[in-house]
Amino acid sequence: MKILLASFETLTGLPELVGYIFIFTFGAAVGSFLNVVIHRVPNDESIIFPNSACPKCSNRIKFYDNIPILSWLLLGGKCRNCKIPISIRYPLVELLTALLFVLVFWQIGFNAFLPVCLIFVTAIVALIFIDAEHMILPDVINFPLLFFALLVRLIYPLFFGSSYFSDLQIFPLSQMETYPVWMVSLLGAILGGLVGGGSLWLVGEIWKRLRGVDAMGLGDVKMMFAVGALLGWRLTLLTIFLGAFSGAVIGIFVIARQKDKDLQTQIPFGIFLGIGSIIALLFGEQIVKWYLTMFAA
Ligand SMILES: [Zn+2]
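Residues numbered from 1 in each chain as written. Predicted model: local features only at pLDDT ≥ 70, side-chain atom pairs only at ≥ 80, totals over all residues. Heavy atoms only, no water.

Considering the overall build of the protein chain
Along its length, the protein chain carries 9 helices and 0 strands. Starting at the N terminus, the α and β elements of the protein chain follow one another as α-α-α-α-α-α-α-α-α. Its C-alpha atoms give the protein chain a radius of gyration of 21 Å, near enough to 19 Å, the size a compact globule of 297 residues would have. Each principal axis of the C-alpha atoms in the protein chain carries an extent, and together these give about 65 × 60 × 35 Å. (Helix = DSSP H or I, 4+ residues; strand = E, 2+ residues; numbered from the N terminus. Rg over C-alpha atoms; globule rule 2.2 N^0.38 Å.)

Some points on the coordination of the zinc ion
Protein coordination of the zinc ion is provided by Cys 54 (SG), Cys 57 (SG), Cys 79 (SG) and Cys 82 (SG), with donor distances spanning 2.3 to 2.4 Å. Seen from the zinc ion, its 4 donor atoms lie at angles of 106 to 112°, and the figure they make is tetrahedral. Mapped onto the polypeptide sequence, the residues donating to the zinc ion form the spacing pattern C-x2-C-x21-C-x2-C. Taken together, the residues Cys 54 in the loop between helix H2 (16–40) and helix H3 (70–74) and Cys 79 in the loop between H3 and helix H4 (89–108) connect sequence positions 25 residues apart. By the burial criterion, Cys 54 is buried, and Cys 79 matches it. (Donors = N, O, S within 2.8 Å, 3.2 Å for Na, K, Ca; no water. Tetrahedral: all angles 85-135°; square planar, octahedral: opposite > 155°, others 65-115°. Buried < 20%, exposed > 50% of the residue type's maximum accessible area, 1.4 Å probe, protein only.)

Observations concerning the pattern of salt bridges
Under the definition given, this model contains 7 salt bridges. Note that Arg 89 and Glu 133 form a salt bridge whose closest N and O atoms lie 2.1 Å from each other. A residue pair is termed long-range when its members are at least 10 positions apart, and Arg 89 in helix H4 and Glu 133 in helix H5 (residues 113–134) qualify at 44 residues. Given a relative accessible area of 41%, Glu 133 falls into the partly exposed group. The residue Glu 205 makes a salt bridge to Lys 208 at a minimum N-O spacing of 3.6 Å. Taken together, the residues span about one helical turn, with Glu 205 and Lys 208 both in helix H7 (residues 181–211) at a distance of 3 residues. (Salt bridge = Lys/Arg side-chain N within 4 Å of Asp/Glu carboxyl O.)

As for a nonpolar patch on the surface
Residues Phe 147, Leu 151, Ile 155, Leu 158, Phe 159, Phe 160 and Trp 182 make up a contiguous nonpolar surface patch of roughly 710 Å² in combined accessible area. Examining the composition of the nonpolar patch, we find that 6 residues originate from one element, helix H6 (residues 139–160), more than from any other. Topologically, Leu 158 is positioned in helix H6. Looking at Leu 158, the relative accessible area reads 54%, which means it is exposed. (Patch = residues over 30% accessible without salt bridge, like charges linked within 9 Å, V, L, I, M, F, W, Y side chains within 5 Å. Areas by Shrake-Rupley, 256 points an atom, 1.4 Å probe, with all protein chains shown as cover.)

Focus on the side chain of Thr 97
With respect to the helices and strands, the residue Thr 97 is situated in helix H4. A polar contact is formed between the side chain of Thr 97 and the backbone oxygen of Val 93, at a distance of 2.6 Å. Excluding its chain neighbours within four sequence positions, the residues that come into contact with Thr 97 are Gly 27, Val 30, Gly 31, Leu 34 and Val 125. (Polar contact = N/O pair within 3.5 Å; in protein donor to acceptor, adjacent residues only side chain to side chain. Contact = heavy atoms within 4.5 Å.)

Some words on the environment of Ala 244
Along the polypeptide, Ala 244 turns up in helix H8 (residues 218–257). Once the C-alpha coordinates of Ala 244 and Leu 273 are considered, the two residues, 29 residues apart in sequence, prove to be 7.4 Å apart.

Looking at the packing of H2 against H4
Two elements in contact, H2 and H4, have axes whose closest approach is 7 Å; the angle formed by their N-to-C orientations is 140°. As judged from the angle between their axes, H2 and H4 are oblique. Classified by chirality, the crossing of H4 by H2 is right-handed. Taken together, the residues of the contact of H2 with H4 break down into 17 nonpolar, 7 polar and 3 charged. (Axes fitted to C-alpha atoms, helices over the stretch in contact; angles between N-to-C directions. Parallel < 35°, antiparallel > 145°, perpendicular 65-115°, else oblique. Left-handed = near helix turned anticlockwise from the far one by under 90°. Nonpolar A, V, L, I, M, F, W, Y, C, P; charged D, E, K, R; others polar.)

Brief notes about the environment of Gly 109
In this fold, Gly 109 is placed in the loop between H4 and H5. Sequence separation of Gly 109 and Ile 23 is 86 residues, and the distance between their C-alpha atoms is 11 Å.

Things to note about the confidence of the model for the protein chain
Low pLDDT means the predicted coordinates in that region are not meant to be read closely. On average, residues of the protein chain carry a pLDDT of 90, and 95% of them reach 70 or more. Of all helices and strands in the protein chain, the one with the weakest mean pLDDT is helix H1 (residues 8–12) (82), whereas H6 scores best (97). (pLDDT = per-residue confidence, 0-100.)

Describing the nonpolar core
Grouped together as the largest cluster of nonpolar side chains are 65 residues, with contacts concentrated most on Val 104, Phe 113, Ile 124, Leu 145, Phe 165 and Leu 281. Every element with two or more residues in this core is listed here: H2, H4, H5, H6, H7, H8 and helix H9 (269–295). By residue number, the principal contributor to this core is H5, which donates 14 residues. In contact with Ile 124, not counting residues within four places along its chain, are Leu 145, Met 223, Val 227, Gly 274, Ser 277 and Ile 278. (Core = buried A, V, L, I, M, F, W, Y, C linked by side-chain atoms within 4.5 Å.)

As structure tokens, then:
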């Protein structure tokens, strides 16, 4: 979805580099907030109060020790008070979020779709890390993400027509040109949600009948319903393909390294679906176009 209406430079009069520095800093700050979300949401704790504290000595972390990425480096990865090591996951989440924000800015450009992509990526990063640590994809993130996707799908077409949603120009939505674009866009969201959530649910059901085990968590189904609602059916299929492919490769690697060859090993699939969805959001159109010229021309 590369829609460059105007560059940051022509819109603000500031050099492009200023935009990149700003978006990196903003991303690092969001990453710092995500650390709190990843840590507290699975335990049903408030993400606002209280301020972060050291898990060992309960010392409240001062604002000057809470600067994304830098504080961890300056403190040498230790609590200022009790010197207990602080996980490298904290600065890594901040750095990753900052780099992803830069990637989004570079690929999407400075336009109305930028905040949508930044919010989507933020939610997905939270889901990826919570799934990695707790093997769950919480409703408190999945449902707001779905609501957000439907809202964007409803409101954006009123201002920008079909320009941000590629699925509106392809079958079956392309057949509905006589209907208002917001209605077609919402239908596209529901279709994308059904393709995303529905296909995962179906795979899980079939697996359950055949093997008698729950292979697919409902969290993955809800997450992919929300992802599908924003991305539309085509980029959602790409997301599932990328997620299944990378998940299978990593899964085989993990199982091969295990001592007892237990095929029931649980792999947090949400991680791979999340990575797939970010790739599909940012590069999906190019990937689909490349695929079609390579294999279907
Ligand atoms: Zn401490």
